[in-house]
Amino acid sequence: MLLIKSQRDMLLSPLLSVSGIVEKRHTLPILSNVLLEKEEDRLTFLATDIEIQITTIMNGAIGENDGAMTVSAKKLQDILRLLPENSEVSLSFDEKRLLIRTEKSRFSLQTLPASDFPRMVISGDNSKKITVTQKQFRHLLGQTQFAMAAQDVRYYLNGLLLLIDGKYLRAVATDGHRLAYASIVLDIEDESDLPHQEFILPRKTVLELSRQLDDSDELLYIELASNQIHFQFKQINLVSKLIDGKFPDYERVIPALLKNTIVLNRTELYQSMIRAAILTNEKFRGIRLLLSNGILKIVAANTEQEEAQEEIEVEFNGDSLDVGFNVGYLLDVLNNTTAEMIEWGFNDANSSSLITIPGNDHFKYVVMPMRI
């Protein structure tokens, strides 16, 4: 039963859009598969890991029959990727097998029934809708996602907090040692249409969105339900469960008053730190910042008695400061902002410091000191 004939790239592109969330090892074998549904001239690709579901559609699918089955996402992707670029590919369904043919190649893949595929139940109750550009939301994620925890027992830290607060959409991530905050202004006429709302996106959802979104002004439609969030952009529909938990009060973490503030060229600081980081202890990655009149010294040492020292001229004439930080936390923020200059505020060696962008209230980064 012939389902479709198409160019290789026409099939590979939507498959790559959904297969990023497919787990290689799963307790349910069918979750390693992608669901293919052919109906008239539409071929739908659907993948899920139970927590996230991604759907995309290929229009103009030329084929004689309709049908649905699930097949290994990795095997199908690997086959299509390695076929010649301009080859014409036909997909046929025959006795529980998907047959893939080109002029000179033949493949037969085992399938599992489409009826057994565990689709997510889409919630539509009391949903709220907002619209931003893909570029705006991608930038919002890029400024914060690096501060998410990875496998913290405090499960609510393994994700990113999104807040709708008046005309602002705010994003916050923390792993308990540092915190990243960013916000964008929503294009809405009446703020009362969007009451204050908080929700936590799972880490995997955040990373998948960062991979899929374009740096363009094309629109991203976001729809919020009680326990789900829907993202629609390009031909992609992504549905994700939300983390049920109470995120820390980020406003209490951000220092309100700072005794000392310096302004630095971001690129110069980044290059100095990445050089000093070469000689840090591999396990703790600690560096010392020595701030005195007109000079910021960056000092690193390791167990082999090796040492690195970098100096940067700064406008500063306050009390001297000697404070330690995990250099990885500092490199993360410097590598994930494009600002030319950054502002760095300190209180003392035992208090958290604050990195901001001069003249920009939409970004804040808090990092705790460490003993060295």
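Scroll up to find the structure this text is about.
Because the structure is predicted, anything quoted here is derived from the model rather than measured.

(A) Focus on the packing of aromatic side chains. Summed over all chains, the structure comprises 6 aromatic pairs. An angle of 45° between the planes, with centres 5.7 Å apart, marks the rings of F137 and F231 as tilted. On the criterion of sequence distance, the pair formed by F137 in helix α3 (residues 134-142) and F231 in strand β15 (residues 228-233) is long-range, its members being 94 residues apart. An identical accessibility class is assigned to F137 and F231; each is buried. Pairwise contacts between aromatic rings join F325, W344 and F346 into one cluster.

(B) Broad picture of the nonpolar core. With 96 residues, the main nonpolar core has F137, F231, L269, M273, L289 and W344 as its most contacted residues. In terms of residue count, helix α7 (residues 327-335) provides more of this core than any other element does, 6 residues in total. Excluding anything up to four places from it in sequence, L289 contacts M273, L296, K297, I298, L321, D322, V323, F325, W344 and F346. Within the second largest apolar cluster, 14 residues are counted, among which are I200, I243, F247 and V366.

(C) Molecular detail of the sheet that holds strand β13 (residues 197-202). Read from one edge of the open sheet, 8 strands run β13-β10-β11-β12-β24-β23-β22-β17, paired in antiparallel fashion. In this open sheet, the two edge strands, each paired with only one partner strand, are β13 and β17 (260-265). Ignoring which end each strand starts from, the neighbouring axes of this sheet average 20° apart. Pairing analysis gives 6 bridges linking strand β10 (residues 159-165) to β13, with the strands arranged antiparallel.

(D) Looking closely at unusual backbone geometry. One non-glycine residue, K96, lies in positive phi territory at about 65°. With respect to the secondary-structure elements, K96 resides in the loop between β6 (88-94) and β7 (97-101). For K96, a relative accessible area of 64% translates into the label exposed.

(E) Spatial organisation of the packing of α3 against helix α4 (residues 203-212). Viewed as axis vectors pointing N to C, α3 and α4 meet at an angle of 130°, and their least axial separation amounts to 10 Å. The angle between α3 and α4 falls in the class oblique. Classified by chirality, the crossing of α4 by α3 is left-handed. Taken together, the residues of α4 that come into contact with α3 (itself represented by F137, R138 and L141) are V206, L209 and S210.

(F) A look at the pairing of strand β18 (residues 286-292). Bridging between β18 and strand β21 (residues 321-326) involves 6 bridges; their strand directions are antiparallel. Among the inter-strand pairings, I287 is bridged to a residue of β21, identified as F325. Linking β18 to strand β19 (residues 295-301), which pair antiparallel, is a turn of 2 residues; within it G294 sits at a positive phi near 75°.

(G) Spatial organisation of helix α1 (residues 8-19). The end-to-end C-alpha separation of α1 is 16 Å, in line with the 16 Å expected for 12 residues at 1.5 Å each. When α1 is considered as a whole, its buried residues turn out to be R8, L11, L12, P14, L15, S17, V18 and S19.

(H) Molecular detail of the pattern of salt bridges. In the structure shown here, the tally under the stated rule is 15 salt bridges. A salt bridge links E23 to K204; the nearest nitrogen and oxygen atoms lie 2.6 Å apart. Highlighted residues: E23 in the loop between α1 and β2 (33-39) and K204 in helix α4, separated in sequence by 181 residues. By relative accessible area, which is 26% here, K204 ends up partly exposed. Between R154 and D152 there is a salt bridge; the shortest N-O distance is 3.0 Å. For R154, a relative accessible area of 36% translates into the label partly exposed. Each of E23, D49 and K204 takes part in salt bridges that share partners, so that together they form one network.

(I) Representation of the sheet that holds β2. Strand order in the open sheet formed by 12 strands is β1-β6-β7-β8-β5-β2-β3-β4-β16-β15-β14-β9, and the pairing between neighbours is antiparallel. Two strands bound the open sheet, and with one partner strand each, they are β1 (2-7) and β9 (128-133). Geometrically, the sheet is characterised by an average inter-axis angle of 25° between neighbouring strands, direction not taken into account. Sheet topology places strand β5 (residues 67-72) next to strand β8 (residues 106-112); 2 bridges connect them, and they run antiparallel. From the neighbouring strand, T70 faces β8, where its bridge partner is L112. With respect to the sheet, helix α2 (residues 73-82) is in contact with β2, β5, β6, β7 and β8, its orientation differing from that of β5 by roughly 90°. The strands touched by α4 are β4 (52-59), β15 and β16 (236-241); relative to β16, the strand with the most contacts, the crossing angle is about 165°.

(J) Fine view of the side chain of T205. Relative to the assigned elements, T205 resides in helix α4. A residue is classified by how much of its surface remains accessible, and T205, at 0% relative accessible area, is buried. Setting aside anything within four residues of it in sequence, one finds T205 in contact with I52, F231, L238 and S240.

(K) View of the packing of helix α6 (residues 266-276) against α7. It is the contact of α6 with α7, at a shortest axis distance of 10 Å, that shows an interaxial angle of 150°. In this structure, the crossing between α6 and α7 has a hand that is left-handed. Here R266, L269, Y270, M273 and I274 of α6 come into contact with α7, specifically with V327, L330, L331, L334 and N335. Tallied by class, residues from the contact of α6 with α7 come to 8 nonpolar, 1 polar and 1 charged.

Rules used throughout
- Residues numbered from 1 in each chain as written.
- Predicted model: local features only at pLDDT ≥ 70, side-chain atom pairs only at ≥ 80, totals over all residues.
- Heavy atoms only, no water.
- Phe/Tyr/Trp six-rings, centres within 6.5 Å; stacked < 30°, edge-to-face > 60°.
- Helix = DSSP H or I, 4+ residues; strand = E, 2+ residues; numbered from the N terminus.
- Buried < 20%, exposed > 50% of the residue type's maximum accessible area, 1.4 Å probe, protein only.
- Core = buried A, V, L, I, M, F, W, Y, C linked by side-chain atoms within 4.5 Å.
- Contact = heavy atoms within 4.5 Å.
- Pairing = 2+ DSSP bridges.
- Axes fitted to C-alpha atoms, helices over the stretch in contact; angles between N-to-C directions.
- Parallel < 35°, antiparallel > 145°, perpendicular 65-115°, else oblique.
- Left-handed = near helix turned anticlockwise from the far one by under 90°.
- Expected span 1.5 Å × (residues − 1).
- Salt bridge = Lys/Arg side-chain N within 4 Å of Asp/Glu carboxyl O.
- Nonpolar A, V, L, I, M, F, W, Y, C, P; charged D, E, K, R; others polar.

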